[in-house]
Amino acid sequence: MTGSRIDNLNIAVLLPCYNEAATIGSVVRGFKSVLPGAPIYVYDNNSTDGTALHAMLAGAHVVRERRQGKGHVVRRMFADIDADIYIMADGDGTYSPDDAEELIRTLLTERADMVVGTRRGVHADAGRQGHAFGNKIFNMLYRTIFGTDFTDIFSGYRVFSRRFVKSFPAVSAGFEIETEMSVHASRLKLPVSELELDYGRRPEGSHSKLSTFKDGAKILWMFAMLMKETRPFAFFGITSGFFMLSSFAFMTPVLMEYFETGLVNRMPTWVLSMALMMISFMVFTAGLILDSVARSRSEQLRIFYLNVAAGSDGSTASAPKTTPHNSKTARIA
């Protein structure tokens, strides 16, 4: 990909940040050096350490998002910014700005809607051993439930087309947002790609905001909710199977006693088993109906996605360069 081709594209760099004063300045300067024509937007999520000031001094457009959580920040960024190509990275310095050009090249040459910079060595350095183990487990779980499109669903270094950004619902509030992005792409069968990149260490004084158990529970809950919304037949089928097995567990000793004696002495147990069986049938029926609804919703999302015209080079149609609402210059909102 030549430099002139990059210059002809409207590229926006998006950096969600929370208490990253130690690193955000160098990250902004790194992206300005690699992509001198691209505006850099730092969305400060209630930082208390001067992150916004450091970003502004480095030359970024700074906007404050008061709702706490990365999901809220990403939703705001995607709504505010118009561009042909969006680069999203973290402000902690663990992702190298030098890799941005290669990510953009992959997006264009493979005509993809999202390219994920997978983290080389993330299992050896994820901040804590609990993070590394959880990352491995959740990626395996994702591939089991939603498909094999991705090997690192929690990577924060991604490049998107305009089509992806403007069709992405973004309903998550926190760090689950990366999982939701991956499910959105898998659900609509969008062209995606991965590019393995080096994953850096945080400098001294910079700390991970992830809580191993709290955020892990949120992500697990998001997996369940996304499965319910996108694969309701499988979700409710499993639930129906649980109730059916419970029914058989209560029913079996009653039936054995009946065939031996001809009597039903534990009538409450029999009634309970029949109630559980009825619940199982009802849940299974709900899964069948909701599966049709989910297919219809996927078709509507796909049509909305296709309504964003694609450019001849595989990127989306050019959009005017803009800054967030009322943000013509770098500022602290």
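Everything in this summary refers to the structure shown in the same document. As the structure is a prediction and not an experimental result, all values here were calculated from the model. (Residues numbered from 1 in each chain as written. Predicted model: local features only at pLDDT ≥ 70, side-chain atom pairs only at ≥ 80, totals over all residues. Heavy atoms only, no water.)

**Some points on the overall build of the chain**
Point 1. From N to C terminus, the chain includes 11 helices and seven strands.
Point 2. In the chain, which comprises 333 residues, the proportion classed as buried is 49%.
Point 3. Within the chain, contacts between residues at least 6 apart in sequence are counted, and of these 77% link residues at least 24 apart.
Point 4. Taken as a whole, the chain presents about 16200 Å² of accessible surface, with 60% of it coming from carbon and sulfur. (Helix = DSSP H or I, 4+ residues; strand = E, 2+ residues; numbered from the N terminus. Buried < 20%, exposed > 50% of the residue type's maximum accessible area, 1.4 Å probe, protein only. Contact = heavy atoms within 4.5 Å. Areas by Shrake-Rupley, 256 points an atom, 1.4 Å probe, with all protein chains shown as cover.)

**Some remarks on the packing of aromatic side chains**
Point 1. A full pass over the atoms with the stated rule returns 18 aromatic pairs.
Point 2. With 5.4 Å between their ring centres and 75 degrees between their planes, Phe78 and Phe160 make a pair best called edge-to-face. With a gap of 82 residues between them, Phe78 in helix α4 (residues 70–80) and Phe160 in strand β6 (residues 158–161) connect regions that are remote in the sequence. The pair formed by Phe78 and Phe160 is uniform in burial state, with each residue classed as buried.
Point 3. A ring pair is formed by Phe235 and Phe236, whose centres lie 5.2 Å apart and whose planes are at 80 degrees; its orientation type is edge-to-face. (Phe/Tyr/Trp six-rings, centres within 6.5 Å; stacked < 30°, edge-to-face > 60°.)

**Some words on the sheet that holds strand β3 (residues 61–64)**
Point 1. Pairing is mixed across the open sheet formed by seven strands, whose spatial order is β3-β2-β1-β4-β6-β5-β7. Strand pairing shows two members of the sheet lacking a second neighbour, β3 and β7 (192–198), which therefore form its edges. Ignoring strand direction, the axes of neighbouring strands in this sheet form an average angle of 20 degrees.
Point 2. Sheet topology note: the strand β2 (residues 40–44)/β3 ladder contains four bridges and is parallel. (Pairing = 2+ DSSP bridges. Axes fitted to C-alpha atoms, helices over the stretch in contact; angles between N-to-C directions.)

**Considerations on unusual backbone geometry**
Point 1. Positive phi, close to 50 degrees, is recorded for Arg111, a residue that is not glycine.
Point 2. Relative to the helices and strands, Arg111 resides in the loop between α5 (100–109) and β5 (114–120).

**Here's the deal with a nonpolar patch on the surface**
Point 1. Taken together, the side chains of Phe233, Phe284, Leu288, Ile289, Leu290 and Val293 present a nonpolar region at the surface, about 500 Å² in accessible area.
Point 2. With five residues, the top contributor of residues to the nonpolar patch is helix α11 (residues 267–306).
Point 3. Tracing the backbone through its elements, the reader meets Phe284 in helix α11. (Patch = residues over 30% accessible without salt bridge, like charges linked within 9 Å, V, L, I, M, F, W, Y side chains within 5 Å. Salt bridge = Lys/Arg side-chain N within 4 Å of Asp/Glu carboxyl O.)

**Quick look at the nonpolar core**
Nonpolar side chains tend toward joint burial in soluble globular proteins.
Point 1. If you look at the biggest cluster of nonpolar residues, it comprises 43 residues, and the most contacted ones within it are Phe78, Phe160 and Met181.
Point 2. Per-element accounting of this core gives the leading share, five residues, to helix α9 (residues 212–230).
Point 3. When residues no more than four places from it in sequence are discounted, the contact partners of Phe78 are Leu14, Phe160, Val165, Lys166, Phe168 and Met181.
Point 4. Ile11, Val27, Ala52 and Ala60 belong to the second largest nonpolar core, which has 34 residues in total. (Core = buried A, V, L, I, M, F, W, Y, C linked by side-chain atoms within 4.5 Å.)

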